[in-house]
Amino acid sequence: MEEFFQHKQILLENDQKDFNFLSPTDIELQASQKFNWLKNDFLANFTIEEMLDYWDVKDSVIHTKLFEVLKKMPKGALLHIHSSTMMHSQEFIDFLKSDSQIYVQLIDEKIILLPNFIENSVPLSEFLKIDGNEKALLDSLEMTRGTSMGLPSERWIKFGQLFSTSAKLFSEKRFRENYFNLAYSQLYEDNIQRVEIRTNFGRTGYIDNGRILTIDEAAESFKTATDRFRSIHNDFSSGFIIACHKLLSRQKVIEAAEDALRLHLLYPDFILGFDIVGEEEQYNETEEIYECVYQVKSKAKENGQDFPMFFHAGEVVSKHAPTIYDAFVLESKRIGHGISLIKHPVLMQIAKTKKITIECCPISNMLLGYVRDLRVHAGLAYLNQGLSVAIGSDAPGLFGYRGVTHDWLWICILWGIDLMQVKRLVKNSIDGCTEPDETRRIWEPKWAEFVNYLANLEI
Ligand SMILES: [Zn+2]
């Protein structure tokens, strides 16, 4: 009997050594006890089964003490979010109502929002006067239980339609600047120190009061909106990753990559690099678009220029989708999602050695049908195996929440992680962002203040 327990204890201790372990300070030990209490308190009100039914509980969990504490937690860098879906959809509608220049066009009964009048469009205020139209608009901006069912490929069809409802709004400078100001303030309230945002940034179609802008002028206006927010909140920063769609032609992808490289060289701290987006299993085989990007990157390298990549990859169920290899060949600095990476031991080892951060987006993965039960999500395995994994929210507006606190809540409960594992995930996000030193400098005192608050929390 004695021998059995000794052997088990040795295994347990050795296993702990392999974990992505952080030693707690005294105050963190006290805060950890409170954190465990908060998780137990949460589980006294919500069962695991209820947490698996996201739509049933996503609004009621906001009123729990654990959510309140996680919202206050300084989260470091949010490394995975898309520009047009950063805001809670109902709050987005309220924001649209405050702009008198928003118009609606119906194309085959689908709602398309516009930043200016065009023929056959009606003002948003007129459109919303008709009974049922506000609900129809909300359904055009947000997934529902009904649209988050079936295979991932079926869910992606609805997902793509939701993106297209508001896409045209972002061409107008006035709208874009006001939108980012509000979206940043919501992330700031979620205690995020830095955000690196994927954005679709095409060569044409940007306007300022009827005047067509060049892509450089459009980038400059993104920067102006960001600088304005930063001038008030100097403990927040942001940057953009230019994301082009994978179903574009070879020529269009080359143009997008060349634009991204040029803008990155012009604004290296603001335009951070390049990505390719879209459903991964819909692979554009004939065009071999990643090879096009490889050519642009190689040419930059010959000129002594670095062209950073931040690819979505491994957002699949099957092992055989090839994008994960493309991401490694192109030396992606981070991997967006990386769910299937666990099926590739050699790539996993490279990710660990090179400290390639995996941007894990738990709620997105659940709602798009890749991991229906987060208890078996690969992210926890990556964390335990010492890979750099960080938490992102992908498209919170489409999933009916804001910021990234919901993702933290779901993993704290369904992964059963403790406060030091939470801290490790936050530190990973900082190490994996493009401004780690400055973000860490801002985050550290906020973390010290947070653990002090948590340790002294009245429960
Ligand atoms: Zn994404």
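Residues numbered from 1 in each chain as written. Predicted model: local features only at pLDDT ≥ 70, side-chain atom pairs only at ≥ 80, totals over all residues.

- For the protein chain, an unreviewed UniProt entry supplies the name Adenosine deaminase domain-containing protein and the organism Blepharisma stoltei.
- Per its UniProt entry, the protein chain bears the Pathway (unreviewed entry) comment "Purine metabolism; purine nucleoside salvage."
- The UniProt entry for the protein chain carries this comment under Cofactor (unreviewed entry): "Zn(2+)". (UniProt positions renumbered as here; feature names shortened; annotations may be inferred.)

## Remarks on unusual backbone geometry
For step 1, the next point in the chain: Despite not being glycine, N209 shows a phi value in the positive range, around 55°.
For step 2, the next point in the chain: Looking at the secondary structure, you find N209 in the loop between β6 (206-208) and β7 (211-213).
For step 3, the next point in the chain: You will see that E331, though not glycine, has its phi angle at about 55°, which is positive.
For step 4, the next point in the chain: Here E331 is to be found in the loop between α14 (323-329) and β11 (334-337). (Helix = DSSP H or I, 4+ residues; strand = E, 2+ residues; numbered from the N terminus.)

## Thoughts on the sheet that holds strand β10 (residues 310-313)
Each strand in a sheet pairs with its neighbour through backbone hydrogen bonds, running either in the same direction (parallel) or in the opposite one (antiparallel).
For step 1, the next point in the chain: Across the sheet, which stays open at both edges, the four strands sit in the order β10-β11-β12-β13 with parallel pairing between neighbours. Each end of this open sheet is capped by a strand with a single partner; those strands are β10 and β13 (389-391). Mean inter-strand twist for the sheet, computed between neighbouring axes without regard to direction, equals 30°.
For step 2, the next point in the chain: Bridging between strand β12 (residues 357-360) and β13 involves three bridges; their strand directions are parallel. Following the sheet pairing, E359 is matched in β13 by A390.
For step 3, the next point in the chain: Packed on one face of the sheet, helix α19 (residues 419-432) meets β11, β12 and β13 and runs near 100° to β13. (Pairing = 2+ DSSP bridges. Axes fitted to C-alpha atoms, helices over the stretch in contact; angles between N-to-C directions. Contact = placed C-beta atoms within 7 Å.)

## Quick word on helix α6 (residues 89-97)
For step 1, the next point in the chain: Every buried residue of α6 is accounted for by S89, F92 and L96. Seen along its axis, α6 keeps its buried residues to an arc of 50°; they face one direction.
For step 2, the next point in the chain: Residues of α6 that are buried make contact with β3 (110-114), α7 (124-129) and α8 (133-139). (Buried ≥ 20, exposed ≤ 12 C-beta atoms within 10 Å, placed from the backbone. Arc of directions from axis to C-beta.)

## A word on the sheet that holds β3
For step 1, the next point in the chain: The strand order across the open sheet formed by three strands is β3-β2-β4, and the pairing between neighbours is antiparallel. Every interior strand has two partners, whereas the edge strands, β3 and β4 (122-123), have only one.
For step 2, the next point in the chain: Judged from the five bridges that link them, strand β2 (residues 103-107) and β3 form a sheet pairing that is antiparallel. Note that in β3 the partner of Y103 across the bridge is L114.

## A word on the environment of K173
For step 1, the next point in the chain: Mapped onto the fold, K173 is located in helix α10 (residues 173-189).
For step 2, the next point in the chain: Taking the number of C-beta atoms within 10 Å as the measure of exposure, K173 has 22 and is therefore buried.
For step 3, the next point in the chain: Taking the C-alpha atoms as reference, K173 lies 7.9 Å from N209; in sequence the two are 36 residues apart.
For step 4, the next point in the chain: What K173 contacts, discounting residues up to four positions off in sequence, is I207, D208, L213 and S221.

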